[in-house]
Amino acid sequence: MQIQMLGTGGAFAKKYANNNALVEVDGFKLLVDCGITLPRSLHDAGYSFDDLDAVLISHMHADHVGGLEEYAFQMMFRYGKKPVLYIADTLVEPLWEQTLRGGLTQEPLTAITDFFDVRPIKEGEEYEIHPGIKVKLILTDHIAGKLSYSFLFNENFFYSADMKFDGALLSRLSNDGVETIFHDCQLTSPGVVHASLDELLTLPEDIQEKVWLMHYHDNMEEFIGHTGKMRFVQQHEVYTV
Ligand SMILES: O=c1ccn([C@@H]2O[C@H](COP(=O)(O)O)[C@@H](O)[C@H]2O)c(=O)[nH]1
Ligand SMILES: [Zn+2]
Ligand SMILES: [Zn+2]
């Protein structure tokens, strides 16, 4: 499985686009999160929305869902299709009622299913999205009272959504065979709603070696050489995981 970050930036980053990814196996393209900057970063990477086979959503923040309105409209009015949307069953209603409904509704189109081929998925269960892409949702702590899910792909690649530091989870995943961890990182402490670099640096070195940092701020380069065994995910680079 290959992954290319169309953006690696945090919510307020300007140099880096929103932390959204393209996962690919045998030409099947799964978009992971679809933030405000995604339409531009997808275009800059040489793709159109019609090149995507599905989108997977982690949680309801604009740097993760703010591009879905354009995705839906382009697919409906430019390509005449409904994009396939994988999302936690618990987030289907909030996505429509709290985020998309205002912009997308126009009679007779009044439901999320008018725009998306919705595939609700349950936390903790493994789903095959395409041969070579299995995903399991893990509920991770981000904002009090707001559901947010990280992703375990193919039992060996952990992709955090936005989450607070959870060393016990990272240890358990590592012991269970996870080889690569893409983790959001707040470079300066306190992390507040994200794992901070200081917290991630408390991980044992054998886990740090598996960790690649993403969802960082524009001053990322100042921290090169100060991340222990952890490396920064580079925007646009293709990684095999
Ligand atoms: O309690 C909070 C909630 C949010 N923030 C800041 O806002 C952004 C939210 O976007 P993310 O996609 O979750 O990054 C977050 O990065 C925080 O910078 C906060 O500080 N405190
Ligand atoms: Zn975010
Ligand atoms: Zn968030």
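Residues numbered from 1 in each chain as written. Chains lettered and ligands numbered in written order. Predicted model: local features only at pLDDT ≥ 70, side-chain atom pairs only at ≥ 80, totals over all residues. Heavy atoms only, no water.

**Student:** Quick question: what am I supposed to make of the packing of aromatic side chains here?
**Tutor:** Aromatic ring pairs are reported here in terms of the distance separating the ring centres and the angle at which the planes meet. Overall, the coordinates contain 15 aromatic pairs when judged by the stated rule. On the numbers, 5.1 Å between centres and 90 degrees between planes, the contact of Phe157 with Phe182 is edge-to-face. Of this pair, Phe157 sits in strand E10 (residues 157-159) while Phe182 sits in strand E11 (residues 180-184); the two residues are 25 residues apart in sequence, bridging distant segments of the chain. The pair Phe157 / Phe182 is uniform in exposure class, with both members buried. Each ring, one from Trp212 and one from Tyr239, has its centre 5.1 Å from the other, and the planes form 65 degrees; the classification is edge-to-face. Residue Trp212 is found in strand E12 (residues 211-214), and its partner Tyr239 is found in strand E14 (residues 238-240); the two are separated by 27 residues along the sequence. Counting every residue linked through ring pairs, the aromatic cluster contains Phe151, Phe153, Phe157, Tyr159, Phe182, Trp212 and Tyr239. (Phe/Tyr/Trp six-rings, centres within 6.5 Å; stacked < 30°, edge-to-face > 60°. Helix = DSSP H or I, 4+ residues; strand = E, 2+ residues; numbered from the N terminus. Buried < 20%, exposed > 50% of the residue type's maximum accessible area, 1.4 Å probe, protein only.)

**Student:** Help me understand the coordination of the zinc ion (ligand 2) in this model?
**Tutor:** Each donor-metal-donor angle in an ideal tetrahedron of four donors is 109.5 degrees, and each such angle in an ideal octahedron of six donors is either 90 or 180 degrees. Note on the zinc ion (ligand 2): its protein donors are Asp63 (OD), His64 (NE2), Asp162 (OD) and His215 (NE2). The metal-donor distances range over 2.1 to 2.2 Å. Considered as a linear motif, the donors of the zinc ion (ligand 2) on their single chain read D-H-x97-D-x52-H. The metal-metal distance between the zinc ion (ligand 2) and the zinc ion (ligand 3) comes to 3.8 Å, with Asp162 coordinating both. We note that Asp63, like His64, is buried. (Donors = N, O, S within 2.8 Å, 3.2 Å for Na, K, Ca; no water.)

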